[in-house]
Structure formats: structure tokens, C-alpha cells
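# Examination of the molecular architecture
Now for the letters of each chain:
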Amino acid sequence: MSNIASNLKFLRKKSNLTQQQFADLMGIKRSLIGAYEEDRAEPKYELLKKIASHFELSIDEFIQEEIDEQWKPQPKSQGSNLRVLSISVDNQDRENIELVPVKASAGYLNGFSDPQYIADLPKFQLPMPALRQGTFRAFEIKGDSMLPIQPGSIIIGEYLDNWNDIKPMETYIVISKNEGVVYKRIGNKFKDYKDLKLISDNKVYDPYTVPVEDILEIWKAKAYISTHLPEPSPEPTMESLTTMMAQMQKSISQLKKN
């Protein structure tokens, strides 16, 4: 249950504004302010964002925190992506797994916080207990940077609210302003105002970094769906055995040096 009604009333009065004055600032009717403060209605997303911004709060703080004289805002750089996560539910009020196809990934950067955009995405349910507790989203990946997982595979990720929970060398879907939707291993722990190192499983691709301030969402990879079935392992050839021996000798030499 949100705290919109009590928080709006407290913050408005603390700002020494009447309902009419605040309604004028928001460009709406006074009666709507009364309805919001009496918990008879809730503002739509765009108005909610405008109200939270007026009081210099995130939407998440405005909705979830109980704001009073004793309340103190938390530092904004704790790894939490402080915003309302838009979701959709089925006719039994269960959260859907929304699918973001490759062709929709560019639009996702603009629509990820828009409830209507999320509602219009393809969606499905999976009868797996591991995918029941939490909020999940599916992303179609492109390219061969994460082989043996093939292009076109669907990665199902669990929403990561607190980025301090990132575990180095595990796989995540990272949504960022410049890179878009990518599926990578994260090579370092989260640190405020630092870059995240993203690593491909296909060693043809070099690791690179993404500034934390550019990141919009992070989803912990939990499962994947693919129409590409694994091929049988090839029989070792003399060339591959020679390469393996050379790598082993190199590793042993390195260990001796250390």
C-alpha cells in the first residue's frame, strides 16, 4: 500500500501551500488534490512524477516512505535504482514475465518506466517455482558475444533493486543509455560513481566499462530459452591437443614465476 495520501498532505502543509495553491502549481483542479490526500484516488504516472520532483524526491520515496518530521532521505548512491518499476499482471493477479524482443530493445530505453509500454509488451508465465518469487523480465539477445548461448536466445532476468548485490563474474542483463540492452558478465562489485566492467564469454570480444550513471536497470540472469540445441562435443584432434598442452605449459610456467 502506498503512502501517497499522507505524504502529499504532510509535504504540502510543510511547504505552507493550500490545496488550491498546490493544484495551481501542478496545473490541475483543487478537488483532485483533496481526492489524493483523502486516498480516494491516486495520481497518474506523469503527475506523480511531477509531484515527486516538486518536493525533490524520487517517485519510490514519495510512494513507499512514510514522510514526517522524523523522516530523513537516504543517500541516493546506494546502488538502488530509486523509481517505480512498471509491471503487468495476469487475470489471477500474478506478475507476468514481459518479453523485450530485439526489435523492441531500442524503444525499451524510453519506455521502461511507462506502464502502458510495459503492458503492450508480449508476456507469458512459466510454471517454475524459481521464477515465482520476484519480478522477472525476458530479453532476446543478439550477436555471438556470449557463446555458447546463441543469438536469438531469450534470457530471463530477475530485477536487481540493490546494485550492491552484484556478484562479480555472474551474468546480468544491463540496460544503459549508450549500450542499450546487453547480456554480459559483470567483472567488479558495485561502487558509487564508478564504472561497471562488462565481460563477454566469447573471448573475441574485449571487456569494456559502462559508467554507473548511464545505467538504467540491471537484471540478474536466472534462466534462458533457446531453439538452438547443443551440438555434440567434437572429437579432439592432434591440433587441439597440441594447443591444450601449450596452454598447460604456459600456465605452469606462470605459476612457477609467481
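Below: a short report on this structure. (Residues numbered from 1 in each chain as written. Predicted model: local features only at pLDDT ≥ 70, side-chain atom pairs only at ≥ 80, totals over all residues. Heavy atoms only, no water.)

### Remarks on the overall build of the protein chain
Summing up its helical and strand segments, the protein chain has eight helices and nine strands in all. A globule of 258 residues ought to have a C-alpha radius of gyration of about 18 Å, yet the protein chain, at 24 Å, is considerably larger. Dimensions of the protein chain along its principal axes, counting C-alpha atoms only, are 85 × 45 × 30 Å. Split into buried and exposed, the 258 residues of the protein chain put 39% on the buried side. Residue pairs at least 24 apart in sequence account for 59% of intrachain contacts in the protein chain once pairs closer than 6 positions are excluded. A gap of 3 Å separates the mean positions of the 33 positive and 36 negative side-chain charges of the protein chain. (Helix = DSSP H or I, 4+ residues; strand = E, 2+ residues; numbered from the N terminus. Rg over C-alpha atoms; globule rule 2.2 N^0.38 Å. Buried < 20%, exposed > 50% of the residue type's maximum accessible area, 1.4 Å probe, protein only. Contact = heavy atoms within 4.5 Å. Lys, Arg positive; Asp, Glu negative; His and termini not counted. Charge placed at Lys NZ, Arg CZ, Asp CG, Glu CD.)

### Observations concerning the packing of helix α1 (residues 4–14) against helix α3 (residues 30–37)
Put simply, α1 and α3 touch, their axes get as near as 7 Å, and they point 125° apart. It follows that α1 is oblique to α3 by the angle criterion. Judged by residue contacts, Ala5, Leu8, Lys9 and Arg12 of α1 engage Ile33, Tyr36 and Glu37 from α3. The class makeup of the residues in the contact of α1 with α3 is four nonpolar, no polar and three charged. (Axes fitted to C-alpha atoms, helices over the stretch in contact; angles between N-to-C directions. Parallel < 35°, antiparallel > 145°, perpendicular 65-115°, else oblique. Nonpolar A, V, L, I, M, F, W, Y, C, P; charged D, E, K, R; others polar.)

### With respect to the side chain of serine 200
For serine 200, the position within the fold is in the loop between β7 (195–199) and β8 (208–211). Using a relative accessible area of 3% as the deciding quantity, one classes serine 200 as buried. Polar contacts involving the side chain of serine 200 include one to the side chain of lysine 184, which spans 2.7 Å. Apart from residues no more than four positions distant in its own chain, serine 200 is found in contact with Ser145, Met146, Lys184 and Tyr205. (Polar contact = N/O pair within 3.5 Å; in protein donor to acceptor, adjacent residues only side chain to side chain.)

### Topic: unusual backbone geometry
Backbone torsion omega between leucine 147 and proline 148 reads 15°, so that peptide bond is classified as cis. Within the secondary structure, proline 148 is located in the loop between β3 (136–140) and β4 (154–159). At asparagine 16, a residue that is not glycine, the phi angle is positive and equals roughly 60°. If you trace the backbone, asparagine 16 turns up in the loop between α1 and α2 (19–26). Backbone geometry places aspartate 93, a non-glycine residue, at a positive phi of 65°. According to the relative accessible area criterion, aspartate 93 is exposed, its value standing at 62%.

### Regarding the sheet that holds strand β5 (residues 171–176)
The strand order β2-β1-β3-β4-β9-β5-β6-β7-β8 describes an open sheet built from nine strands, whose pairing is mixed. At either end of the open sheet lies a strand with only one pairing partner, and these are β2 (123–124) and β8. Summarising the sheet, β3 and β4 pair through five bridges and their orientation is antiparallel. Opposite phenylalanine 136, over in β4, you have glutamate 158 as the bridge partner. (Pairing = 2+ DSSP bridges.)

### Considering the nonpolar core
It is characteristic of soluble globular proteins that their nonpolar side chains tend to be buried jointly. The biggest cluster of nonpolar side chains holds 21 residues, and the ones touching the most others in it are Leu8, Phe22, Ile28, Ile51, Phe55, Leu57 and Phe62. Broken down by secondary-structure element, the contributors of at least two residues to this core are α1, α2, α3, α4 (45–54) and α5 (59–64). Setting aside its immediate chain neighbours within four residues, phenylalanine 62 contacts Asn3, Ile4, Asn7, Leu8, Leu11, Leu48, Ile51, Ala52, Leu57 and Ile67. Counting residues in hydrophobic clusters, the runner-up holds 19 residues, among them Leu85, Tyr108, Phe139 and Ile155. (Core = buried A, V, L, I, M, F, W, Y, C linked by side-chain atoms within 4.5 Å.)

### Quick word on the packing of aromatic side chains
In total, this model carries seven aromatic pairs according to the counting rule given. Pairing tyrosine 108 with phenylalanine 139 gives two aromatic rings, centres 5.6 Å apart and planes at 90°, and the pair type is edge-to-face. Of the two residues, tyrosine 108 sits in helix α6 (residues 105–111) while phenylalanine 139 sits in strand β3, which places them 31 residues apart along the sequence. The exposure classification of tyrosine 108 matches that of phenylalanine 139, with both residues buried. Relative to phenylalanine 190, the ring of tryptophan 163 lies with its centre 5.9 Å away and its plane at 75°, an arrangement referred to as edge-to-face. (Phe/Tyr/Trp six-rings, centres within 6.5 Å; stacked < 30°, edge-to-face > 60°.)

### What about α1?
The set of residues buried in α1 consists of Ile4, Ala5, Asn7, Leu8, Leu11 and Arg12. Directly beyond the C-terminal end of α1, a positive phi value near 60° is found at asparagine 16.

### A word on the pairing of strand β6 (residues 180–186)
Counting buried residues along β6, five of its seven residues qualify, which places the element largely inside the surrounding structure. Of the strand pairs in this sheet, β5 and β6 are connected by six bridges, and their pairing is antiparallel. Looking at the pairing, isoleucine 173 lines up with tyrosine 183 of β6.

Remember that the coordinates give geometry; whether it matters functionally is a separate question.
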